Amino acid sequence: MSRIGLVLEGGGMKCAYGAGVLDCFLEGDIDFDYCIGVSAGAANGAGFVAKQHGRSKRFYTEHPQNPDYFGVKAVINEGGLFGLEYIYATLSNEDGEDPLDYDTFASNPCDYEAVVTDAVTGEAVYLPKDSMRRNDYRPVMASSCLPALCKPIMFRGRYFYDGGVSDAIPCKRAFDMGCDKIVVVLSKPRDFVKEPEKHKPIYTRALKDYPKMAEALDKRHLMYRECQRQMFSYEAAGKAFIFAISRPARLSTYNMDAKVSEDLYDLGRRDYATECARLRAFLEA
């Protein structure tokens, strides 16, 4: 039997697209042996492993309407643009409004990892499933922690930032973890070109205590292009199946417009419907 992995790119609110694809996986009883997610992709992945249909969608279409989620109130309360404590604790804990089903998550035989970036070294770290505890979802919180826009997350004595800075599309990691083939869910079109980061003086100053993070941001576009190169080479070899945004869409990491997120979610569902037969042939080959 092949070991099949699921790789989920990050991208903030753009990951509403992936939420649509993953809900279709749940509806179609499509399971994976391994799941690795980055940033919002890590959050989508946790909900998928917990088999919570519709939960990820609510984090793009409903919960952002609360001012604690993003913006001025999040900055005041938590010191960052996104209210990570609100999203991944207040809402997600078992007494929250939209709790993660931790029991199902933990008992699911699917392995899970969240990609984070070590604030001191600027290098990728992969936090395994057993690093997630009931009502302590800091691995996902750290994976979503935008450098210079959020305070780093401390976990097990180390500070972490967004995994998208160090390993944006972790296909190689999936194969290193024993996968024979992978399904990749992107948050952007296939032909997306990552440009160098803007506002270098601002983020360099904001990250003065973490110079390696600033260096990682300087090289982020090169890392991303290498991730794409690897992904497409796996696809050419018949080892990767890619879901990517298939038509022009309003894309923004920070867009809190529920209609935009709903449209992206629906696009993910439509792309799944288009690719369903081909996906099943890939999985069964």
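Everything numeric in this text was worked out from a predicted model, so none of it was measured.

S.K.: Mind showing me how you'd approach the side chain of Asp68 here?
M.R.: Structurally, the position occupied by Asp68 is in the loop between helix H3 (55-61) and helix H4 (72-78). One polar contact links Asp68 to Asn77, side chain to side chain, over a distance of 3.2 Å. Apart from residues lying up to four places away in sequence, Asp68 is in contact with Lys73, Ala74, Asn77, Gly83 and Tyr86.

S.K.: Hey, could you run me through the pairing of strand S4 (residues 124-128) in this one?
M.R.: Note on strand geometry: in a regular strand, side chains alternate between the two faces of the sheet. Of the two faces of S4, only the one carrying Val125 and Leu127 is buried; Ala124, Tyr126 and Pro128 on the other face are not. When strand S3 (residues 111-118) meets S4, the two strands line up antiparallel, connected through five bridges. Residue pairing across strands places Glu113 opposite Pro128, the latter belonging to S4.

S.K.: Sorry, what's going on with the pattern of salt bridges here?
M.R.: Between side chains of opposite charge, a pair can form when the charged atoms approach closely. Within the structure shown, the criterion is met by 22 salt bridges. With its nearest N and O atoms 2.7 Å apart, the salt bridge here joins Asp118 to Arg158. In this pair, Asp118 sits in strand S3 while Arg158 sits in strand S6 (residues 158-162), placing the two residues 40 residues apart along the sequence. You can call Asp118 buried: its relative accessible area is 6%.

S.K.: How should the nonpolar core be read in this particular structure?
M.R.: One broad trend across soluble globular proteins is that nonpolar side chains are buried collectively. Grouped together as the largest cluster of nonpolar side chains are 75 residues, with contacts concentrated most on Leu6, Phe25, Tyr112, Val183, Phe243 and Leu279. For this core, the leading source of residues is helix H1 (residues 16-27), giving eight residues. Setting aside anything within four residues of it in sequence, one finds Phe25 in contact with Leu6, Ile30, Phe32, Phe48, Val183, Phe243, Tyr272 and Leu279. If you look at the next biggest cluster of nonpolar residues, it comprises 22 residues, including Val38, Val115, Phe175 and Ala240.

S.K.: Can you walk me through the packing of aromatic side chains in this structure?
M.R.: Aromatic ring pairs: the centre-centre distance and the angle between the two ring planes describe each pair. Per the counting criterion, the structure on display carries 17 aromatic pairs. Summarising the aromatic geometry, the rings of Phe25 and Phe243 are spaced 5.9 Å apart at their centres and angled 70° between planes, so their arrangement reads as edge-to-face. Highlighted residues: Phe25 in helix H1 and Phe243 in strand S8 (residues 240-243), separated in sequence by 218 residues. The exposure classification of Phe25 matches that of Phe243, with both residues buried. Between the aromatic rings of Tyr161 and Tyr210, the centroid separation amounts to 6.0 Å while the plane-to-plane angle is 85°, which identifies the pairing as edge-to-face. With Tyr161 in strand S6 and Tyr210 in the loop between helix H9 (200-206) and helix H10 (211-218), this pair connects stretches of sequence that are 49 residues apart. Just as Tyr161 is buried, Tyr210 falls in that class too. A network of ring pairs unites the aromatic residues Phe25, Phe32, Phe48, Phe241, Phe243, Tyr272 and Phe282 as a single cluster. Above the face of the Phe105 ring, Lys129 is positioned so that its terminal group lies 5.6 Å from the ring centre.

S.K.: Got a minute to help me understand helix H11 (residues 220-236) in this structure?
M.R.: Because an α-helix packs 3.6 residues into every turn, residues spaced three or four apart end up facing the same way. Over its 17 residues, H11 runs 24 Å from end to end, which matches the ideal 24 Å to within 8%, given 1.5 Å per residue. Within two residues after H11, Gly238 carries a phi angle of roughly 80°, on the positive side.

The rules we used
- Residues numbered from 1 in each chain as written.
- Predicted model: local features only at pLDDT ≥ 70, side-chain atom pairs only at ≥ 80, totals over all residues.
- Heavy atoms only, no water.
- Helix = DSSP H or I, 4+ residues; strand = E, 2+ residues; numbered from the N terminus.
- Polar contact = N/O pair within 3.5 Å; in protein donor to acceptor, adjacent residues only side chain to side chain.
- Contact = heavy atoms within 4.5 Å.
- Buried < 20%, exposed > 50% of the residue type's maximum accessible area, 1.4 Å probe, protein only.
- Pairing = 2+ DSSP bridges.
- Salt bridge = Lys/Arg side-chain N within 4 Å of Asp/Glu carboxyl O.
- Core = buried A, V, L, I, M, F, W, Y, C linked by side-chain atoms within 4.5 Å.
- Phe/Tyr/Trp six-rings, centres within 6.5 Å; stacked < 30°, edge-to-face > 60°.
- Lys NZ or Arg CZ within 6 Å of the ring centre and 35° of its normal.
- Expected span 1.5 Å × (residues − 1).

Everything listed here is a matter of geometry and, on its own, says nothing about what the molecule does.
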